Amino acid sequence: MNNMHNLGTVMRFEITRMLKKPSFWLMALGFPVLMVGIFGIVFWSNNATMEAAEKLKNEKITMAVTDVSGVIKPEILQAMDAKEVATRDEGIEKVQSGAVDAYIYFPADLATERVEVYGQDAGLFENSKYSAIATTMLDQSVNAQVSEQQRAVLRGQVNVATTTFRDGQEYDGIREMIAPGLFLVLFYFLIAFFGNQMLNSTIEEKENRTIEMLLTTVQSRVLIIGKILSLIILALIQTLVILIPVLTIYFVLSPQLQLPNIDLANIPLDPLKIGLGAAIFIFSFLLFTGILVALGAAMPTAKEASSWFGYVVILLFGPLYGVTTFISYPDSPFVRFLSLFPLTSPIPLMLRNAYGNLPLGEALLGIAILAVSAVVVMLLSVRIFRYGAMQYDSKISLAALRAKRAK
Amino acid sequence: MTGEKPIVSVEHFKMAFGDKEVISDLSFEVFRGEVFGFLGSNGSGKTTTLRALLGLYEPTGGKLLINGKPYTVDGGISLGYLPEERGLYKKEKVLDVMLYFGELKGMTRPAAREFSLKYLERVKLSDKAHTRIDKLSGGQQQKVQLGVTIMNEPELLILDEPTKGFDPVNRRLLMNIVEERKKAGATIVFVTHQMEEVERLCSRVILLKDGAARAYGTLADIKKQFSGASMDDIFVKIYGGEEQEAEDE
C-alpha cells in the first residue's frame, strides 16, 4: 500500500514537473510547428504559381518568333498574337528597340539545340514568363498533332496499377508495411525525442545531491519504476501532441497541399503482424529505457553519461544502414545475428516484421530475448541506481557491482 | 541505560572502500529520546557510519540496526535524515518539493501543505513558497531542507552537520527546532564540529578517530576521562595531534 502510494507520488511529481517545463512543449510542438511551416511554404508557393499562371494568361505580351524547327503551328502563333520574323538578329533587334516585349528563336533541332528567348527586363521573378510562353507554344503545338492517348503518354499521365502475389495471394508490400511499420516509426521518434530525458532522469538526483534524502524516504525500486512509468506516459503524451496536429494537417489540408492520398480503409491490418510489432516495440522500449536509466545511475554527471548514450544509439540505429540487407537477405547469418542480439534487434525485427520476411519462430525467439533482456536490465538498473547513486564523483564499476551482489 | 532497548545499535561495524579501511571496528548504541553527538575530525568516518546505518552503504562487516533490524524505508520507523551532501530539486518550487517529500514520508497532501506553509512562515520564507529552489540563497535552501527533514515529525532524527553554512541567527533557529523535537520525544543523532552545541544539547557522545571510537559515553564521563573542562578542550586534546602531525609533514 505504502509502495503504491509512493509510486503514485513519484509518478505525479515526475509527470507534473515535466509538463510544466517549456522545453517539453518546445520539443513536442517543434515538429508539428516545423511541418506547418514547411507545408505553409509549399501551400503559398503553389498558390503563387497558380496566380502567376493566371496572370500570364491575361497579360498582353507582344512577341516575335522565328521557328526554324517547323514544330510551332501557325494557328498557335496567331492565337498568341506573335509575329514571325525571318532571322534571329532581326528578332533580337526588335526587342532591343522596344518594338516587341519578347522574341523567341526555335532552332532547327530542338533535341540538341537550345530555344533562345529574349525579352524586356520585367524583374527577377517576372522574367521567367518569357520562357513559360516558349514552353507553352511547344506544348500546344505538339499536343495539337497527337491523339488524347498519346498526349497522356507524353505528359506522363498514364496510371499504372501493379498487383503482386505471394503464395498465390494478392500482396501489396508497401500497404502491408504501413500498420506494423508504424511501431518502427514510433520507436525511432520516442528514442530520438526521449533518449536524453531517460538518461537524465536518474542523474538529476545525483547531481543535485537529493539522492540521500530520497533513498532514505522511498525504495529505490519504487523510485526507478515510478520514473520509468512516468517516462512512458510522457512519451505517449508527446506522441499524441506530435500526431494530432500532423494528422489534422494531413486530413484537413491534403487537397490544398496536394499530399499523396492514403486510403485508410484499404490499409491491410494483419493481427499477427501488428501483435508481433507491438510486442517487439514494447520490449524494445523497456529494454532501452532500462539501459538509459542504468547508464544515468552509473555515471556521475550527465556529460559523462551522454558519451555512453552515443554508443547505445549507434547500436540501436546502426542497423538502419542495412535496410536493404534485411529485406533482400533475411536468411543470412549477419541479419539473423542482428535480429536476435538484443542491443541491435529492435530495428531489424520491426523492419522485417513489417516487410513480412520474419518467420514466426524467429519473431517469438527475438521477442523472448528482448523481454528477458528488458527484465534483466531493469533489475540491474535498480541495483546500479541503488549503489551507483552514492558515488558522486566516479562511475560505479562492474567489479564493485558484482561485489555488492555477492553479499 | 542498562536494560533499555536501543533505537540505534552498531556492533563491530567495519567499512572499507577497496583497500582503504575507513572504519576498523566501531560499536555504539543510541537510546530512545536522547540527543546523541557524533563527533570527529574530517574524514574520521562519521558520514560513512551514518550512511551505512541507513543502508546507503553496505558494510564490510558488523551489524547496524535501527529498532533491532537493518534500516529499510518500510521498516516501520519514521525517520528524518539531513545528509552532509545537501541539495533539492533546483528547478522546482519550494512548496512543490516540500509536498513531494511530505507525501513520500506518508503524509496526506493537505497535511503536507499545512505543515509546509506553517514551517515556511516560521523560518520567514513564506513569501518564497512559489519560488524556485535555485533562486534561494544557500542559507534559505538549508532551511527548506531542514523543513523537509522534520516534516513527518520523525521519531529518529539524523542530522549530519546541520549547521554547516548557517549564519548565527539561522543556527539558533535550527537549534531551537532540534530542541523542540527533543522535547517531543524524538531521538536525535547529530554530527557537528560545534562543541557549544554538543554541550547544550547532547546527553551522550561518541568521538571517532581513525575509524574507531576514541571516547564514548555521557558528557560527564568523558570530561572525567580526559580531565577536560569543556568538550572544546577534549576535542583539541584528541585531535590536536593530527593538526601537529599535519604541520610537521
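For clarity, every value in this text was computed on a predicted model and none was experimentally measured.

Colleague: Please set out the nonpolar core residue by residue, giving values where relevant.
Modeller: One finds B:Phe101, B:Leu207 and B:Met231 to be the most contacted residues of the largest nonpolar core, which totals 105 residues. Looking at this core, the element that brings in the most residues is helix α2 (residues 94–104) of chain B, giving eight residues. If you look at the next biggest cluster of nonpolar residues, it comprises 49 residues, including A:Phe187, A:Ile191, A:Phe317 and A:Leu338.

Colleague: Please provide a residue-by-residue account of the environment of A:Glu362, values included.
Modeller: All names here are of chain A. With respect to the helices, strands and loops of the structure, Glu362 is situated in helix α15 (residues 360–388). Since its relative accessible area comes to 9%, Glu362 is described here as buried. For the pair Glu362 and Pro348, spaced 14 residues apart in the sequence, the C-alpha separation amounts to 12 Å.

Colleague: Run through the domain arrangement of chain A, naming residues and quoting values.
Modeller: According to the domain assignment, chain A consists of domain 1 (2–34 + 172–406) and domain 2 (60–154). For domain 1 of chain A versus domain 2 of chain A, the separation of C-alpha centres amounts to 60 Å.

Colleague: How would you summarise the domain arrangement of chain B if you had to cite specific residues and measurements?
Modeller: Residues and elements named next belong to chain B. Each assigned domain of chain B is listed with its residue range as follows: domain 1 (1–77 + 155–249) and domain 2 (85–154). One C-alpha centre belongs to domain 1, the other to domain 2; they are set 26 Å apart. Contacts between the two partners involve 19 residues from domain 1, matched on the other side by 13 residues from domain 2. Taken over both partners, the interface formed by domain 1 and domain 2 buries close to 1300 Å², and the fraction arising from carbon and sulfur atoms is 59%. Counting across the interface, domain 1 meets domain 2 through one salt bridge. Here Arg122 ties to Glu180 by a salt bridge, and the two come within 2.6 Å at their closest N and O atoms. Run the count over domain 1 and domain 2 and you get seven residue pairs in polar contact (both at pLDDT 80 or more). For the side of domain 1 that touches domain 2, the secondary structure elements donating two or more residues are β6 (156–160) and α5 (168–183). Broken down by element, the residue count for the side of domain 1 that touches domain 2 peaks at seven residues, all from α5. When the residues that make up the side of domain 1 that touches domain 2 are grouped by side-chain class, the tally is nine nonpolar, three polar and seven charged.

Rules and cut-offs
- Residues numbered from 1 in each chain as written.
- Chains lettered and ligands numbered in written order.
- Predicted model: local features only at pLDDT ≥ 70, side-chain atom pairs only at ≥ 80, totals over all residues.
- Heavy atoms only, no water.
- Core = buried A, V, L, I, M, F, W, Y, C linked by side-chain atoms within 4.5 Å.
- Buried < 20%, exposed > 50% of the residue type's maximum accessible area, 1.4 Å probe, protein only.
- Helix = DSSP H or I, 4+ residues; strand = E, 2+ residues; numbered from the N terminus.
- Domains from an automatic or database assignment.
- Contact = heavy atoms within 4.5 Å.
- Buried area = accessible area lost by both parts, 1.4 Å probe.
- Salt bridge = Lys/Arg side-chain N within 4 Å of Asp/Glu carboxyl O.
- Polar contact = N/O pair within 3.5 Å; in protein donor to acceptor, adjacent residues only side chain to side chain.
- Nonpolar A, V, L, I, M, F, W, Y, C, P; charged D, E, K, R; others polar.

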